[in-house]
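# Structure assessment
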Amino acid sequence: MSGLEPAQLVAAQRVAGWLRPAWVEVDLSAITANVVHIRAAVAPSAVCAIVKADGYGHGAVPVARAALDGGAAYLGVALAEEGHELRQAGIEVPVLVLSEPPAEAMGLVVEDNLTATIYTDDGLAALLEAAALARPSRETGGRGTGGRGTGGRGTGGRGTGTWGRPVPVHLKVDTGMHRVGASPAAIVGLARRVASHPALALEGLFTHLAVADEPDDPFTGAQLDRFEGVVRALAAEDIYPSMLHAANSAGALCHPRSRYQMVRPGMAVYGQAPAAALQAAPLIAPLQPALSLKARVSYAKEVGAGESLSYGLQYRLSQRSVVATVPVGYADGVPRRLFMVGGEVLVGGRRRTVAGAVTMDQILVDCGPGSEVTRGDEVVLLGRQGDAEISPWEWAERLGTIAYEVTCGLSPRLPRLYTSR
Ligand SMILES: *Cc1c(COP(=O)(O)O)cnc(C)c1O
């Protein structure tokens with residue numbers, strides 16, 4: 001629940017200049033509480049809150065701040081430019097770029113003091129080149145106005161004072177998912193070069209789990225065996241990265257062995273289970289969903305028995321009924337298929353059927369005969385209304401996808417309204 005009264009919401013919308021009544025509501029208190037919960041569960045491991053993809057659709061900067069309030073020590077992003085956005089907002093904690101940035105992005109990594117993930121010789125060479133280029137201007141206090149410009153950000157980034165200090169590096173080892181990462185055999189050579197180069201600091205070694213969300217699958221244990229084998233191989237070379245990490249949300253909350261020095265939860269931070277089957281798991285059930293998708297009825301009318309609705313006329317009314325129009329559609333991330341798979345919304349505290357094809361900007365809802373639903377009534381597409389709730393996993397299960405795709409798919413056209421309790 002947002003804790004905002006409808007009148008306050010309307011006022012907030014007016015202040016924000018939103019004319020269309022459809023929005024994503026993000027409860028930042030839930031984000032903070034989730035991180036507090038995760039920290040307690042994994043202590044003494046540190047928490048790296050993953051805020052890639054604009055914070056899984058929630059808005060990276062507000063989520064990052066809320067996660068830091070909950071005690072996250074690190075933030076994780078997919079792209080250097082996502083890290084840059086956090087730095088522009090004045091966020092100074094370590095930010096790990098989870099995959100090796102392309103050569104073109106290494107300058108931004110160095111300039112913004114992001115923590116680089118490395119797993120190829122080419123990537124290492126590009127990072128070294130960027131570090132060498134940055135060094136002279138570091139000593140003179142900046143790169144001027146060229147290039148990527150931290151302009152407008154005040155003293156925040158410079159104040160973190162990495163000028164002249166080594167670039168922090170985490171090496172990623174592929175232990176069986178085969179997405180990114182160096183092979184266990186290649187890691188030792190990379191680690192030697194990183195550890196011995198004065199411009200770099202080998203801070204971490206990590207891997208990523210392919211089936212952590214299926215807790216009974218022995219493959220997770222096999223991946224961790226391989227990971228620890230690499231740790232031993234590095235130790236034989238007297239190389240000891242101080243931060244070992246492997247766990248995504250499912251690893252952190254379902255596989256204690258995978259916690260090491262740090263965990264990297266994403267979905268759990270947002271209060272969603274990493275798999276539908278894990279929603280009732282002991283450390284996952286207490287998570288608080290942060291996101292709601294809401295709108296207001298823009299038009300309501302009675303439609304006669306036998307009439308059909310929306311493109312394709314695929315929903316036929318068997319009786320006279322009140323049909324509400326809601327100004328949110330597939331351009332906002334409401335999947336067009338939601339109608340075909342029995343999607344519902346909450347209006348008047350009740351579940352009601354999405355009636356007819358989802359269109360680009362609007363949906364129709366069958367509110368039933370004699371319904372008193374009227375223009376301006378709140379409609380909840382995701383989230384709670386009264387005792388009823390529709391979760392991203394409900395959509396995901398109808399649509400044959402995962403909740404991640406649902407929240408990441410909510411388009412930037414929907415304003416984000418941040419609330420806290
Ligand atoms: C996205 C990602 C995570 C977070 O995964 P969740 O399942 O959302 O917890 C962690 N680590 C890496 C490398 C990732 O790409």
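Remember, predicted model here, so these are calculated numbers, not experimental data.

## A short note on the layout of surface pockets
- By volume, the largest pocket amounts to about 620 Å³.
- When residues of the lining of the largest pocket are traced back to their parent elements, those giving at least two are α3 (52-56), α11 (249-254) and α13 (403-408).
- At three residues, α3 tops the list of elements feeding residues into the lining of the largest pocket.
- Residue composition of the lining of the largest pocket, by class: 20 nonpolar, five polar and five charged.
- Domain assignment of the residues forming the lining of the largest pocket places at least three in each of domain 1 (27-269) and domain 2 (291-419).

## So, unusual backbone geometry
- Here the residue pair A43 and P44 is connected by a cis peptide bond, since its omega of 10° sits within 30 degrees of zero.
- Mapped onto the fold, P44 is located in the loop between α2 (28-42) and β2 (46-50).
- Phi is positive for N113, which is not a glycine, with a value near 55°.
- Along the chain, the position of N113 falls in the loop between α6 (106-111) and β5 (116-118).
- The buried category is assigned to N113, whose relative accessible area is 15%.

## Remarks on the site of the ligand
- Surveying the vicinity of the ligand reveals 14 residues, the closest of which are K52, Y56, S249, G266 and Y404.
- Between an oxygen atom of the ligand and a side-chain N or O atom of S249, the distance comes to 2.5 Å.
- Taking R264, its side chain carries an N or O atom lying 2.9 Å from a nitrogen atom of the ligand.
- Surface burial for the ligand is 93%, taken as the share of its 390 Å² of free accessible area covered by protein chains.
- Put simply, the ligand lies in the largest pocket.
- A per-class count over the shell around the ligand returns six nonpolar, four polar and four charged.

Reading guide: rules and limits
- Residues numbered from 1 in each chain as written.
- Predicted model: local features only at pLDDT ≥ 70, side-chain atom pairs only at ≥ 80, totals over all residues.
- Heavy atoms only, no water.
- 1 Å grid on protein atoms, 1.4 Å probe; cavity = no way out; pocket = protein on both sides within 12 Å on 5 of 7 lines; lining within 4 Å.
- Points joined across faces, edges and corners; volume = space filled by probe spheres on them.
- Helix = DSSP H or I, 4+ residues; strand = E, 2+ residues; numbered from the N terminus.
- Nonpolar A, V, L, I, M, F, W, Y, C, P; charged D, E, K, R; others polar.
- Domains from an automatic or database assignment.
- Buried < 20%, exposed > 50% of the residue type's maximum accessible area, 1.4 Å probe, protein only.
- Near = heavy atom within 4 Å.
- Polar contact = N/O pair within 3.5 Å; in protein donor to acceptor, adjacent residues only side chain to side chain.
- Areas by Shrake-Rupley, 256 points an atom, 1.4 Å probe, with all protein chains shown as cover.
- Sits in = over half its atoms within 2 Å of the grid points.

Coordinates in, geometry out; function isn't part of it.
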